[in-house]
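Observations on the three-dimensional arrangement
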Number of protein chains: 6
Amino acid sequence: MLLHLSTWMEIEDYLKRSKTVVIPIGSNEQHGPTGLLGTDWLCPEIIAHEAQKQHPDLMVAPTFNIGMAQHHLGFPGTIALRPSTFMAAIGDWCRSLGLAGFERLYFLNGHGGNVATVEAAFSEIYAEATFLEKRRGFAMKLKNWWELKGVLPLANRQFPTGHGSHATPSEIAVTQWAYPDAIKTANYAPQIAPTGPIREAIDFRARYPDGRMGSDPGQATPEKGGELVAAAVAGLMDDVAAFSSETAPI
Amino acid sequence: MLLHLSTWMEIEDYLKRSKTVVIPIGSNEQHGPTGLLGTDWLCPEIIAHEAQKQHPDLMVAPTFNIGMAQHHLGFPGTIALRPSTFMAAIGDWCRSLGLAGFERLYFLNGHGGNVATVEAAFSEIYAEATFLEKRRGFAMKLKNWWELKGVLPLANRQFPTGHGSHATPSEIAVTQWAYPDAIKTANYAPQIAPTGPIREAIDFRARYPDGRMGSDPGQATPEKGGELVAAAVAGLMDDVAAFSSETAPI
Amino acid sequence: MLLHLSTWMEIEDYLKRSKTVVIPIGSNEQHGPTGLLGTDWLCPEIIAHEAQKQHPDLMVAPTFNIGMAQHHLGFPGTIALRPSTFMAAIGDWCRSLGLAGFERLYFLNGHGGNVATVEAAFSEIYAEATFLEKRRGFAMKLKNWWELKGVLPLANRQFPTGHGSHATPSEIAVTQWAYPDAIKTANYAPQIAPTGPIREAIDFRARYPDGRMGSDPGQATPEKGGELVAAAVAGLMDDVAAFSSETAPI
Amino acid sequence: MLLHLSTWMEIEDYLKRSKTVVIPIGSNEQHGPTGLLGTDWLCPEIIAHEAQKQHPDLMVAPTFNIGMAQHHLGFPGTIALRPSTFMAAIGDWCRSLGLAGFERLYFLNGHGGNVATVEAAFSEIYAEATFLEKRRGFAMKLKNWWELKGVLPLANRQFPTGHGSHATPSEIAVTQWAYPDAIKTANYAPQIAPTGPIREAIDFRARYPDGRMGSDPGQATPEKGGELVAAAVAGLMDDVAAFSSETAPI
Amino acid sequence: MLLHLSTWMEIEDYLKRSKTVVIPIGSNEQHGPTGLLGTDWLCPEIIAHEAQKQHPDLMVAPTFNIGMAQHHLGFPGTIALRPSTFMAAIGDWCRSLGLAGFERLYFLNGHGGNVATVEAAFSEIYAEATFLEKRRGFAMKLKNWWELKGVLPLANRQFPTGHGSHATPSEIAVTQWAYPDAIKTANYAPQIAPTGPIREAIDFRARYPDGRMGSDPGQATPEKGGELVAAAVAGLMDDVAAFSSETAPI
Amino acid sequence: MLLHLSTWMEIEDYLKRSKTVVIPIGSNEQHGPTGLLGTDWLCPEIIAHEAQKQHPDLMVAPTFNIGMAQHHLGFPGTIALRPSTFMAAIGDWCRSLGLAGFERLYFLNGHGGNVATVEAAFSEIYAEATFLEKRRGFAMKLKNWWELKGVLPLANRQFPTGHGSHATPSEIAVTQWAYPDAIKTANYAPQIAPTGPIREAIDFRARYPDGRMGSDPGQATPEKGGELVAAAVAGLMDDVAAFSSETAPI
Ligand code: NI
Ligand code: NI
Ligand code: NI
Ligand code: NI
Ligand code: NI
Ligand code: NI
């Protein structure tokens, strides 16, 4: 079920048989000369929606589409939440879902830059219960889609060089598979982008002039994207099942 | 252009010819026995994307899909930001778009409950500039889609009684037009829901047991939804043009 | 009763017979060449205190005298809270009055620019209860004094043209009636001020050089002010009675 | 000049000859069986307005009437800001007055419980400039009215025993002088209230059942209040003059 | 016991016989040409650790080593928390210790600039309970080490002139006693530093070019420091005992 | 140099030859039946101070001794900052050091639970500059001491089984080496503690009854601790040198 295409009564029924919800989360940020600005939220949405299509009873929430991308703000089209804002928003999403009765909140993430802040947000949400000497009532998990079982090995076979860490051929391939009308091309110079640290936006743009980090996105194809989605869907179903069956200590 | 299906270089080019961006904004909240939880963010997204399809150079940002819906949290599936969180998030969206060079940020809204908080957010954003004795550099506008020229008169003709204020037949018709596979039916009792004030969630659910306020959503049809979208698209293009051509005082 | 001229024991007694309190709220901001800086908090205070004089058992709290006036900060004498500060303060006022046992908090407002932020504050206060799955224990209402029954029709008769939206002849007339020693005069150029949007302070002062918006305050007289106060007092008593008698759902 | 009974143009003129403004600040909180809830904000307002009457060119801002009174919230009629809210509000008042061109912000305080939080607020406001490596542009000072030159010695002569620290005969005398129609009487038991520490509200009410701390307010008379006001006015004018003539280092 | 050199099981045992903990708190800030940057947190740590050495069952927490020192930030090596940050941190320390079962939190302070903010923090922490209509469960106290019984009279005998208020010979003597290898010397010009108000950092450095306020630190010796520590330890034990034996009202 | 045992003039001199400062950071939290509550801040302090002893010109700041340990709050003696507080404090430390002229802020970390929040804090600090379209002026780096070159391989040789992730024999060995008088013993049951996820405090204590996670701390000896410190010091000097010599893009 897509939560946003359901009624509240359908959710009420669903909660009688499952307490788990999958929330695609990402970022809207520059992805080099050919990557879509939406890449990082589109990828987990594509994977989660494809999983739901194959497994209709998987509950998928609306996509959390803006994340921690302050370093990309030197490139137009990027939209970013500062970490404190991001944490407040994650908190309210989770508390809302917890009020409804969801007990397993599974965030399928598409942006490495989100990880620290989302984990900090989880700690903030747990801490609220801790300081009240209460149980939280729900558990949260964040998983990067490329870390789902089987995905990274496949990507490494597909792209033995030039995978890099931002505007990677694998994430661009996934969006090409889902949005074939939005495939872009460019000459990359250099073919494989430089690597280095991540700091404030001015520093970032000076280090990475076209926005890529360590990647050669020219290797992406819709077919490879389809393979990645297939692997990710399988990995997601396994991981969600494991999380759903976890038991809390008494 | 859909911003999220564009590259940063395409946005850079766009900004040479226009400084305006349309941001669909809404809420994910219960909409009675048959309304989709996503109704309030789907409606402005449907209208803005349809407008973009007809007018390809309209710039449409990703959808801001969670809003001020605390009063609906007694119904599962609702996700809400508290106003302070909402304002922080609106602030970071606007500052991000402003950094990119956008000067006219037009929020097309699908949820009446958002209005006060979004207007307060705008004031907070302007105040930041005011206290620094600077110009803000961009202007913001919020418009409810049903207040676009021609829409409400049409809705009143379509639904002379039982339009109400929440889970209205007009908004449900719009989603029926766009998502015909997700049309739901129910017996409404009473046919037209009660009206009254909006307070905390427990109070709300006690007053409005099935979630509707003053409405009879059973009158919605996909055809009426299509008419509403057509009217809204025309009204949107006019209103965006007026906003874009507004000049700032020297 | 004026709350601040009462003892806590008198309040304790009052709460045995009524749960309602009226809080005048406004702003301290420029009001054109002749309007008092305090106009927006003086008007509701004048009306509420006059009502209390006529109806001694009406409970009137101290005046909340600074509001959302960031756009006026280009003119000296303006004092403004940014919306986030304003919301925090409204929250603490309301929680304090709620702790005391007040169940109906009626804000009589004198500044249009306060409305969005105060409504957002109310939502924040309700949301606190909602996220704790509790009842709030009190209800809040905001009413602009010019929207009390009978006031705006009277103002329209008194000032068929040049009423405008800021530094209006009606609000200035009210202060003239109450503070006849502080009546100011000026030549207005133009006689009726321009209108337009409200943004940051620099933009505001450029659009509205003497501070007025759409108004000709030269039409104000103390007599008209007295008539307005009389109408407002009657409207206030009706509205407060209706709010006080409202019942909460079980 | 009373700022709120002036126009922005009058303030603009005033700023050509002086950069100083006096802001009465206090609290609205229980003051024992006979003390007015408004005592702590009425006293500095009474003194500042009397000073302004005698010295018309003294600039007096609207009264900041709600302060740090969390410990009194066990008694109805108390309204309190938590320190974080209070600091945010003080910050916005000061920044607003600073934008206008005021360079000496003199807070005349009526509530001992405000001191720590207001001083912390001043540090927060200075810190904002410090972290930006800028000058603040204005200086702030807080003065308790009973610490103005000559006041405490007079109070000690008037009330050699039973002055205490809350609901003191001196503050009650000042309000009796200004509001003779609101004088209350009661039998005090014990005649002099107990003393001790200040903690949360439940603890406070258990320690101080009628709200007084160490005081016998029965000794207050309007005449003594008048003497105290006269002394305070003289002290205030001296202290404000010294603050106004202070020079900043280059 | 030093809390940080204990195990949680040892703390659990300790709480069966005492509910009191001493927390050294200070600041890391410039202390003139010869004072250590750590002076203000080293002094209370030195005193509390010495007291614990003499009285092994005194519970001493880790040192809170950064405080409210914004005015010193014009001198390198200073590290400061803005008051709002400081208050949040104090709050979390206190809530943590309260969760553990400590009921008397005694802060031994080494920096006058901390007082207002720490007291405001205490009020914020009490207010949290007050607004929930609960008891707080623990009491907090702040004591400057130089105000412990016997200390200031001794310092005045040791340093009849040139004690001053910042970079005082007494605090420097204490650090000389504890860290004899880190004694520094300099020529002071003037021998006794100027005095005046405390504002933002630029203003501070202009008024106090070498960082001292009113002091002649050249009089400090390790021997005098040892005397001061001895006096402070005795005063501390008395004061902690009194605080520990205080009873709460029922 | 230990910053807190230096004067501001010594720091001013140091900044002429280096822009780097090492800040030990950790947490004060339960470490099982035998681990010191201070383990996680003592370890990086021990290593950094030992490095400074060997390399006197290494600049070491005071230790940031309280971190993100909400999950340990079910065990007395733990003191924790919620992530939002932690981030605010890290921010003020970094801004303070940046004002002084430090350009490389190197945090040597002793607590895995700090990583996400500190990284989020860094992003918040960079974002502040990004939204102002400025360079930040300094770079920040966080390094866990056990990830310094050579440390983990050594620990794995020392403790081939039962190293675990909390209350590890390696961290306890380091504190045994530095604080031989505070070595504790206990019977561990089971010898190797269980592993699993980290949630709120109640959940944590139910999963890990004596506080350990996956570890057998009984294998720790002071000698192994000394070896680990030696390796860490070497690794630290290398890593700090690399960070210090990093150049920013123009
Ligand atoms: Ni990406
Ligand atoms: Ni709706
Ligand atoms: Ni007005
Ligand atoms: Ni008082
Ligand atoms: Ni000091
Ligand atoms: Ni550890």
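These figures come from a predicted structure and were not determined experimentally. (Residues numbered from 1 in each chain as written. Chains lettered and ligands numbered in written order. Predicted model: local features only at pLDDT ≥ 70, side-chain atom pairs only at ≥ 80, totals over all residues. Heavy atoms only, no water.)

**Topic: the overall build of chain A**
Cut-off, in case you're wondering: Numbering goes from the N terminus for both helices and strands, where a helix is a DSSP run of H or I of at least four residues and a strand is a run of E of at least two. We compute the radius of gyration from the C-alpha atoms alone; for a globule the expected value is 2.2 Å times N to the 0.38, where N is the number of residues. When a residue's accessible area, from a 1.4 Å probe over protein chains only, is under 20% of the maximum for its type it is buried; when over 50% it is exposed; and in between it is partly exposed. By definition in these notes, contact holds between two residues if any of their heavy atoms fall within 4.5 Å. In these tables, accessible area is a Shrake-Rupley quantity obtained with a 1.4 Å probe, and a residue counts as shielded only by the protein chains included in the view. His residues and chain termini do not enter the charge count, which takes Lys and Arg as positive and Asp and Glu as negative. Note on charges: their place is set at NZ of Lys, CZ of Arg, CG of Asp or CD of Glu.
Helices and strands together make up the secondary structure of chain A, namely 8 helices and 3 strands. For chain A, the sequential pattern of α-helices and β-strands runs α-β-α-α-β-α-β-α-α-α-α. Radius of gyration (C-alpha) of chain A: 18 Å, near the 18 Å computed for a compact globule of 250 residues. C-alpha atoms of chain A, sized along the principal axes, occupy 55 × 40 × 30 Å. Taking all 250 residues of chain A together, the buried fraction comes to 68%. Taking as baseline every contact in chain A between residues at least 6 positions apart, the subset at least 24 positions apart corresponds to 76%. Within the structure as shown, chain A displays about 8,000 Å² of accessible surface, and the carbon and sulfur contribution to it stands at 54%. For chain A, the distance from the average position of its 20 positive side-chain charges to the average position of its 26 negative side-chain charges is 3 Å.

**A word on the pattern of salt bridges**
Any two side chains of opposite charge can pair, on the condition that their charged atoms come close. To keep it simple, the criterion reads: When a carboxyl oxygen of Asp or Glu lies within 4 Å of a side-chain nitrogen of Lys or Arg, that pair is called a salt bridge.
Scanning the model with the defined rule gives 90 salt bridges over all chains in all. Residue Asp210 of chain E pairs with Arg212 of chain E through a salt bridge whose shortest N-O separation is 2.9 Å. The partner of Lys16 of chain F in a salt bridge is Asp13 of chain F, with the nearest N and O atoms 3.2 Å apart. Residue Lys16 of chain F and its partner Asp13 of chain F are both found in helix H1 (residues 8-17); the two are separated by 3 residues, about one turn of the helix.

**Some details on helix H4 (residues 115-131) of chain C**
Residues lying three or four places apart along an α-helix face the same way, a consequence of the helix completing one turn every 3.6 residues. Residue and element names in this part refer to chain C. The following threshold applies: Expected span of a helix, by definition, is 1.5 Å for each gap between consecutive residues, and there is one gap fewer than residues.
Look at H4: 24 Å from first C-alpha to last across 17 residues, which is about the 24 Å you get at 1.5 Å a residue. Counting buried positions along H4 yields 14 of 17 residues, so the element is predominantly enclosed. Glu133 sits one or two positions beyond H4 and adopts a positive phi of about 55°.

**Considering the relation of the copies chain D and chain C**
Short version of the rule: Alignment of copies: least-squares fit on C-alpha atoms of residues with pLDDT of at least 70 in both copies.
With an RMSD of 0.0 Å, the fit of chain D onto chain C corresponds to turning through 180° and sliding 0.0 Å along the axis. On this basis, the relationship between the two copies can be described by a two-fold rotation axis. Considering only C-alpha atoms, the residue of chain D closest to the rotation axis is Thr85 of chain D, which sits at 3.4 Å. Comparing contact sets, 100% of the residues at the interface of chain D also lie at the interface in chain C, consistent with an isologous, same-surface contact.

**Focus on the relation of the copies chain B and chain C**
Superposition record for chain B on chain C: RMSD 0.0 Å, screw rotation 180°, translation along axis 0.0 Å. Both copies share a contact surface, since 100% of the interface residues of chain B are interface residues in chain C too.

**Some points on the pairing of strand S3 (residues 139-144) of chain B**
All names here are of chain B. Our working rule: Between any two strands, pairing holds if DSSP finds at least two bridges. Orient the strands so they point away from the viewer; a crossover is then right-handed if the path from the first strand over the helix to the second runs clockwise.
S3 sits mainly inside the fold: 5 of its 6 residues count as buried. Pairing analysis gives 6 bridges linking strand S2 (residues 104-109) to S3, with the strands arranged parallel. Along S3, the bridge assignment pairs Tyr106 with Lys141. Handedness of the crossover joining S2 and S3 through helix H4 (residues 115-131): right-handed.

**A few points about the interface of chain D and chain C**
Note the following rule: Simply put, the buried area is the total loss of 1.4 Å probe accessible area from both parts when two parts are fitted together. Any pair of nitrogen or oxygen atoms within 3.5 Å is treated as a polar contact; in protein, a donor-acceptor pairing is required on top of that, and neighbouring residues in sequence qualify only through side-chain atoms on both sides.
Chain D puts 51 residues into the contact, and the matching count from chain C is 51 residues. Buried surface at the junction of chain D and chain C, summed over both partners, amounts to about 4,100 Å²; 66% is from carbon and sulfur atoms. Taking the shortest distance from any N to any O, the salt bridge between Arg205 of chain D and Glu12 of chain C comes out at 3.7 Å. Along the contact surface separating chain D from chain C lie 18 residue pairs in polar contact (both at pLDDT 80 or more). At the level of elements, helix H1 (8-17), helix H2 (39-54) and helix H3 (83-100) of chain D are the ones that each hand at least two residues to the side of chain D that touches chain C. At 10 residues, the largest contribution of residues to the side of chain D that touches chain C is made by H3 of chain D.

**Describing the sheet that holds strand S2 (residues 104-109) of chain F**
Residue and element names in this part refer to chain F. The line we're drawing: All axes are obtained by fitting lines to C-alpha atoms, using only the stretch in contact for helices, and the reported angles, taken between N-to-C directions, cover 0 to 180 degrees.
Strand order in this open sheet of 3 strands is S1-S2-S3, and the pairing throughout is parallel. Strand pairing shows two members of the sheet lacking a second neighbour, strand S1 (20-25) and strand S3 (139-144), which therefore form its edges. Shown here is a sheet whose adjacent strand axes are inclined to one another by a mean of 20°, direction ignored. Contacts from helix H4 (residues 115-131) reach S1, S2 and S3 within the one sheet, and its direction differs from that of S3 by about 175°.

**With respect to the coordination of the nickel ion (ligand 1)**
Residues and elements named next belong to chain A. What counts, and what does not: Because water is not among the atoms used, a metal site may look incomplete, as its donors are only the N, O and S atoms within 2.8 Å, or 3.2 Å for Na, K and Ca.
Summarising the metal site, the nickel ion (ligand 1) is bound by the protein donors His31 (NE2), Asp40 (OD), Asp40 (OD), Glu171 (OE) and Glu171 (OE), whose distances to it range over 1.9 to 2.8 Å. If you list the donors of the nickel ion (ligand 1) from N- to C-terminus, the spacing comes out as H-x8-D-x130-E. With respect to burial, His31 and Asp40 carry one shared label: buried.

**What about the packing of aromatic side chains?**
Our working definition: Note on ring pairs: Phe, Tyr and Trp rings are taken, using the six-membered ring of Trp, and paired if centres are within 6.5 Å. Classes follow the plane angle, with under 30 degrees stacked, over 60 edge-to-face and the rest tilted. Charge-over-ring placement is defined geometrically: NZ (Lys) or CZ (Arg) within 6 Å of the ring centre, and within 35 degrees of the ring normal.
Applying the stated criterion across every chain, the model contains 54 aromatic pairs over all chains. The interplanar angle of 45° and the centroid separation of 5.6 Å between the aromatic rings of Phe107 of chain B and Phe122 of chain B together place this pair among those described as tilted. Note that Phe107 of chain B is positioned in strand S2 and Phe122 of chain B in helix H4, a separation of 15 residues in sequence. Phe107 of chain B gets classed as buried once you look at its relative accessible area, which sits at 0%. Classification of Phe122 of chain B by relative accessible area gives buried; the value is 4%. Linked through ring pairs, Trp8 of chain A together with Phe75, Phe204 and Tyr208 of chain B together constitute an aromatic cluster. Between the NZ or CZ atom of Arg104 of chain A and the centre of the ring of Phe243 of chain A, over which it lies, the distance is 5.7 Å.

**As for unusual backbone geometry**
Residue Pro190 of chain A follows Ala189 of chain A across a cis peptide bond; omega there is 0°. Relative to the helices and strands, Pro190 of chain A resides in the loop between helix H6 (169-178) and helix H7 (201-207).

**Some thoughts on the side chain of Arg82 of chain A**
Looking at the secondary structure, you find Arg82 of chain A in the loop between helix H2 (39-54) and helix H3 (83-100). Sequence-distant contacts of Arg82 of chain A, defined by excluding residues within four places in its chain, comprise Asp92 and Arg95 of chain B together with Glu124, Ala127 and Phe131 of chain F.

**Observations regarding the packing of H3 of chain A against helix H3 (residues 83-100) of chain B**
Quick note on the threshold: Just so you know how the angles are binned, under 35 degrees is roughly parallel, over 145 roughly antiparallel, 65 to 115 roughly perpendicular, and the rest oblique. Crossings are classed by handedness, with left-handed meaning an anticlockwise turn of the near helix from the far one by less than a right angle and right-handed meaning a clockwise turn. Classes in brief: Ala, Val, Leu, Ile, Met, Phe, Trp, Tyr, Cys and Pro nonpolar; Asp, Glu, Lys and Arg charged; the others, Gly included, polar.
Two elements in contact, H3 of chain A and H3 of chain B, have axes separated by 9 Å at closest approach and are oriented at 135°. What the angle tells us is that H3 of chain A and H3 of chain B run oblique. As H3 of chain A runs across H3 of chain B, the sense of the crossing is left-handed. For the pair H3 of chain A and H3 of chain B, contact is made by Thr85, Ala88, Ala89 and Asp92 of chain A and by Thr85, Ala88, Ala89 and Asp92 of chain B, respectively. Within the contact of H3 of chain A with H3 of chain B, the residues separate by chemical class into 4 nonpolar, 2 polar and 2 charged.

**Thoughts on the interface of chain B and chain C**
Listed as interface residues are 40 residues of chain B and, on the opposing side, 40 residues of chain C. Both sides of the chain B and chain C interface together cover about 3,100 Å² of buried area, and 62% of this is carbon and sulfur. A per-residue breakdown of the area chain B buries against chain C is headed by Phe131, Arg199 and Glu200 of chain B, which together make up 18% of the total. Taken together, the connections running from chain B to chain C amount to 4 salt bridges. Joining chain B to chain C, the criterion identifies 12 residue pairs in polar contact (both at pLDDT 80 or more). Among the elements that make up the side of chain B that touches chain C, the one with the highest residue count is H4 of chain B (11 residues). Split by residue class, the side of chain B that touches chain C holds 21 nonpolar, 7 polar and 12 charged.

**Regarding the arrangement of the chains**
Across all C-alpha pairs, the smallest distance from chain A to chain D is 18 Å, and the two are not in contact. The least C-alpha distance between chain C and chain F, which are not in contact, is 18 Å.

**Examining the confidence of the model for chain A**
Formally: As a per-residue measure, pLDDT reflects the predictor's confidence and takes values from 0 up to 100.
Residues at a pLDDT of 70 or more form 100% of chain A, whose mean pLDDT is 98. Here the prediction assigns the complex a pTM of 0.98, and the interface score ipTM is 0.98.

**Some details on the sheet that holds strand S2 (residues 104-109) of chain D**
Residue and element names in this part refer to chain D. Overall, parallel pairing links the 3 strands, which are arranged S1-S2-S3 in an open sheet. Of all the strands in the sheet, the pair left with one neighbour each is strand S1 (20-25) and strand S3 (139-144). Neighbour-to-neighbour, the strand axes of this sheet turn through a mean angle of 20°, independent of strand direction. Judged from the 6 bridges that link them, S1 and S2 form a sheet pairing that is parallel.

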